[in-house]
Amino acid sequence: MYKSEQLALNIRQLIENGAWKPHSKLPSLREQSHMSGYSLMTVLNAYQELEAQGLVYAKQKSGFYVAEHFNSQPVHTASSLSLNSNIQMNSLVFRYLKSIQSETVCPLGSAFPNAELLFNAKLMQILAQHAKRKSSYFSHDHMPPGHNELRKIIANRYCLQGIPTHADDIVITSGALDALNLSLQALTKPGDFILLQETIFYGAWQAAERLGLQVITIPEHPVSGFDIASFEQALKQYPIKVCWLMLNSHNPIGFSVRHEIKQRIAELLEEYQVYLIEDDVYQELYYGAQKPLPMKYFDKTQRVLHCSSFSKTLGAAVRVGWVYAGQFSNAIQHLQLMSTVSASPLLQNSLVDFLSHHHYEKHVRLLRSQLEKHKKVFYQQLKQRLNPACKIHYYSSGYFLWVELPINLDGYAVYQALIQQQIGIAPSQLFRSEHVKQNFIRLNCSFAWTAEIEHAVTVLAEVIQQHITAHEQLEI
Ligand SMILES: Cc1ncc(COP(=O)(O)O)c(C=O)c1O
């Protein structure tokens, strides 16, 4: 972790603990430098990082102050467990994905990062070389559990994070969604109880709907993102078999959960004998110097199936994923042989070459810095353009911003108005099971600030303003 990040984290904790109240002034740069022993530049970087996160604001010639909404405004409003036994999400997701599919739609609603940042010429060169080799077409690596060398490389990457792993623990899949679906299917039967976060990637809802599962949800925690008390209560109250969670770079909200909370989750999984399917598809897209640890790191009793892929770093064209399946490797391979079999051997062979020569590390390093740069520009631009009643939740990873509209507004209505103008955004109804009015939208901020993007964001701000005005008139 950089010194400025460490300092920003310390200050964040003070604000979270309520030690510094909204609108109280932070120590001046000089005072903070004196107190902490860090240089003025480090302190300035830390304050600017906190400003970008929306935790503090700067007043000209006066200094930095704690932001109003941070202490008082939860990420989400609901706050109890809920049982969802009749999920109906597939049709909504299908209609939504079709609506944003055309190239003429501005992709602020897309789940994929800007393809221009993902394209890698070296990988394409390696792919072309493999495409010319006969051996690429007659290999047995298309059969589960997938290419042995690729599994060894992935296992090694876990070992480097301090997670003891053998190639046999890994099963290669056709992307992360395949890994997640296969894991859930291997661990459940229809009617079983599973636990999800209240706001979560729609793939989890679709899988639960398809497999006929009963879903208990826990609310997001206003500050840490993960409500450990509700999690414990849910495990106590319901016969939950499996949890499906995102704890790093959460989609759609963006938070990453602290290590102490992950440690506690692992203890509770063991105490209640529950399995966890961990969706860690954005694991490489952190901004600091340190990759956040997955839940798998804290899993001493083999209860976590960790799923990820290369789709968010190399693009949909390289849709190869994997699951750290451990003891469930055979069960998952059985299911694969009845469904998706494995990822393309051509892609698996090419990835082995690409990964073993450090091209991947170089690629993701550049990707991370570009995503961070673009997201910061979006954040600043949105702050200038959106009505101040909108709150932008900024987290230091990935490429999504989670925007909270004024309470009476409906994210879905805003989406409908925008899609007619060929602008896509993702309303929160895609990520929560109840189809009621909800005032959140997710924006994909992985794009450079071009005239097209500027136009789309300007129209977004205008549409939101029109909805705010319409509501104000209704209330008169
Ligand atoms: C949170 C999350 N998990 C899983 C996936 C699926 O990843 P893949 O494309 O590798 O199947 C996505 C894709 O958008 C996602 O956003």
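Up top you'll find the structure we're talking about.
A brief structural summary. Quantities reported herein were computed from a predicted structural model and do not represent experimental measurements.

Criteria and cut-off values
Residues numbered from 1 in each chain as written. Predicted model: local features only at pLDDT ≥ 70, side-chain atom pairs only at ≥ 80, totals over all residues. Heavy atoms only, no water. Salt bridge = Lys/Arg side-chain N within 4 Å of Asp/Glu carboxyl O. Helix = DSSP H or I, 4+ residues; strand = E, 2+ residues; numbered from the N terminus. Buried < 20%, exposed > 50% of the residue type's maximum accessible area, 1.4 Å probe, protein only.

**A look at the pattern of salt bridges**
Reasoning step 1: The final tally for this structure, using the stated rule, is 16 salt bridges.
Reasoning step 2: Put simply, E361 and R157 hold a salt bridge, and the shortest N to O gap is 2.8 Å. Separated by 204 residues along the polypeptide, E361 in helix α17 (residues 359–385) and R157 in helix α8 (residues 148–160) bring together distant segments of the chain.
Reasoning step 3: Its relative accessible area of 27% is what places E361 among the partly exposed residues.
Reasoning step 4: Across the pair K189 and D192 runs a salt bridge whose closest N-O atoms are separated by 3.4 Å.
Reasoning step 5: The buried category is assigned to D192, whose relative accessible area is 10%.
Reasoning step 6: Salt bridges sharing common partners tie together R157, E284, K291, E361 and R368.

**Quick word on unusual backbone geometry**
Reasoning step 1: For the peptide bond that leads from P144 to P145, omega is 10°, which places it in the cis range.
Reasoning step 2: Along the polypeptide, P145 turns up in the loop between α7 (121–131) and α8.
Reasoning step 3: Here the residue pair N251 and P252 is connected by a cis peptide bond, since its omega of 15° sits within 30 degrees of zero.
Reasoning step 4: Within the element layout of this structure, P252 appears in the loop between β9 (240–245) and α12 (259–272).
Reasoning step 5: The phi dihedral of V341 is positive, around 60°, even though this residue is not glycine.
Reasoning step 6: With respect to the element layout, V341 can be found in the loop between α15 (329–337) and α16 (345–356).
Reasoning step 7: Among the residues examined, V341 registers a relative accessible area of 26% and is labelled partly exposed.
Reasoning step 8: The phi angle at H358 is positive, at roughly 65°, despite the residue not being glycine.
Reasoning step 9: You can see H358 is positioned in the loop between α16 and α17.

Note that all results are geometric; they support no functional claim without further evidence.
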